[in-house]
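A closer look at the structure
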Amino acid sequence: VQLQASGGGLVQAGGSLSLSCAASGSIFSINAMGWYRQAPGKQRELVARITSGGSTNYADSVKGRFTISRDNAKNTVFLQMNSLKPEDTAVYYCNADIAPVGYFYDEYWGQGTQVTVSS
């Protein structure tokens, strides 16, 4: 099982970026999917998470600016980031609870993608 993230890049404050992350390999079922981020010198933190049923939760710092969604048919999770701020600068990692066989879930991580917001 692999998680392949794409998107990210450099944007000015107030701009928008979108991230996507596709799961591939031997997949029986995917439960929750999400995005985390890690800024230099800081711990990795949850940005947003979405269940297989579509329920979402967000970090307070991104509520109203970021939107997480998923395409279950394509095993893909998206993160639309609007009104970006310099403090959103970080490496963003996708995460998913995946059962390769049967309903035995493991946690998987993507490779990380850099988001840089200039002031």
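Now for a look at the structure at hand. (Residues numbered from 1 in each chain as written. Predicted model: local features only at pLDDT ≥ 70, side-chain atom pairs only at ≥ 80, totals over all residues. Heavy atoms only, no water.)

Scanning the protein chain from terminus to terminus reveals 0 helices and 11 strands. Of the regular secondary structure in the protein chain, the N- to C-terminal order runs β-β-β-β-β-β-β-β-β-β-β. Radius of gyration (C-alpha) of the protein chain: 14 Å, near the 14 Å computed for a compact globule of 119 residues. Overall size of the protein chain, expressed as C-alpha extent along the three principal axes, is 45 × 25 × 25 Å. (Helix = DSSP H or I, 4+ residues; strand = E, 2+ residues; numbered from the N terminus. Rg over C-alpha atoms; globule rule 2.2 N^0.38 Å.)

Strand order across the open sheet formed by 4 strands is β1-β3-β8-β7, with antiparallel pairing between neighbours. Both outer strands of the open sheet, β1 (2–7) and β7 (66–71), are each paired with one neighbouring strand and no more. Taking the axes of each pair of neighbouring strands and ignoring which way they run, one obtains an average angle of 15° across the sheet. Note that strand β3 (residues 17–24) and strand β8 (residues 76–81) share 6 bridges and pair antiparallel. When the sheet's bridge partners are listed, Ser20 is paired in β8 with Phe78. (Pairing = 2+ DSSP bridges. Axes fitted to C-alpha atoms, helices over the stretch in contact; angles between N-to-C directions.)

Applying the stated criterion across every chain, the model contains 5 salt bridges. Asp88 is paired through a salt bridge with Arg37; the nearest N and O atoms lie 3.0 Å apart. Of the two residues, Asp88 is situated in the loop between β8 and β9 (90–99) and Arg37 in strand β4 (residues 29–38); the sequence distance between them amounts to 51 residues. In this structure, Asp88 and Arg37 share a single accessibility class: buried. Note that Asp97 and Arg49 form a salt bridge whose closest N and O atoms lie 2.7 Å from each other. Highlighted residues: Asp97 in strand β9 and Arg49 in strand β5 (residues 45–50), separated in sequence by 48 residues. Overall, Asp97 belongs to the buried group, its relative accessible area being 19%. By relative accessible area, which is 15% here, Arg49 ends up buried. Within the structure, one salt-bridge network assembled from shared partners comprises Arg37, Glu45, Arg65 and Asp88. (Salt bridge = Lys/Arg side-chain N within 4 Å of Asp/Glu carboxyl O. Buried < 20%, exposed > 50% of the residue type's maximum accessible area, 1.4 Å probe, protein only.)

One pass over the structure, following the stated rule, counts 1 aromatic pair. Seen from the ring of Tyr93, Arg44 lies directly overhead, with NZ or CZ sitting 3.8 Å from the centre. Lying over the aromatic face of Trp109, Arg44 brings its terminal NZ or CZ to 4.7 Å of the ring centre. (Phe/Tyr/Trp six-rings, centres within 6.5 Å; stacked < 30°, edge-to-face > 60°. Lys NZ or Arg CZ within 6 Å of the ring centre and 35° of its normal.)

To continue, consider the environment of Ser29. Note that Ser29 resides in strand β4. Here the alpha-carbon distance between Ser29 and Tyr103, two residues 74 residues apart in the chain, equals 7.1 Å. Discounting residues that sit within four places of it in the chain, Ser29 has contacts with Asp97, Ile98, Ala99, Tyr103 and Tyr105. A distance of 2.7 Å separates the side chain of Ser29 from the side chain of Tyr105, its partner in a polar contact. (Contact = heavy atoms within 4.5 Å. Polar contact = N/O pair within 3.5 Å; in protein donor to acceptor, adjacent residues only side chain to side chain.)

On the surface, a nonpolar cluster with roughly 350 Å² of combined accessible area is contributed by Phe28, Tyr103 and Tyr105. With respect to the element layout, Phe28 can be found in the loop between β3 and β4. Residue classification places Phe28 among the partly exposed positions, given a relative accessible area of 45%. (Patch = residues over 30% accessible without salt bridge, like charges linked within 9 Å, V, L, I, M, F, W, Y side chains within 5 Å. Areas by Shrake-Rupley, 256 points an atom, 1.4 Å probe, with all protein chains shown as cover.)

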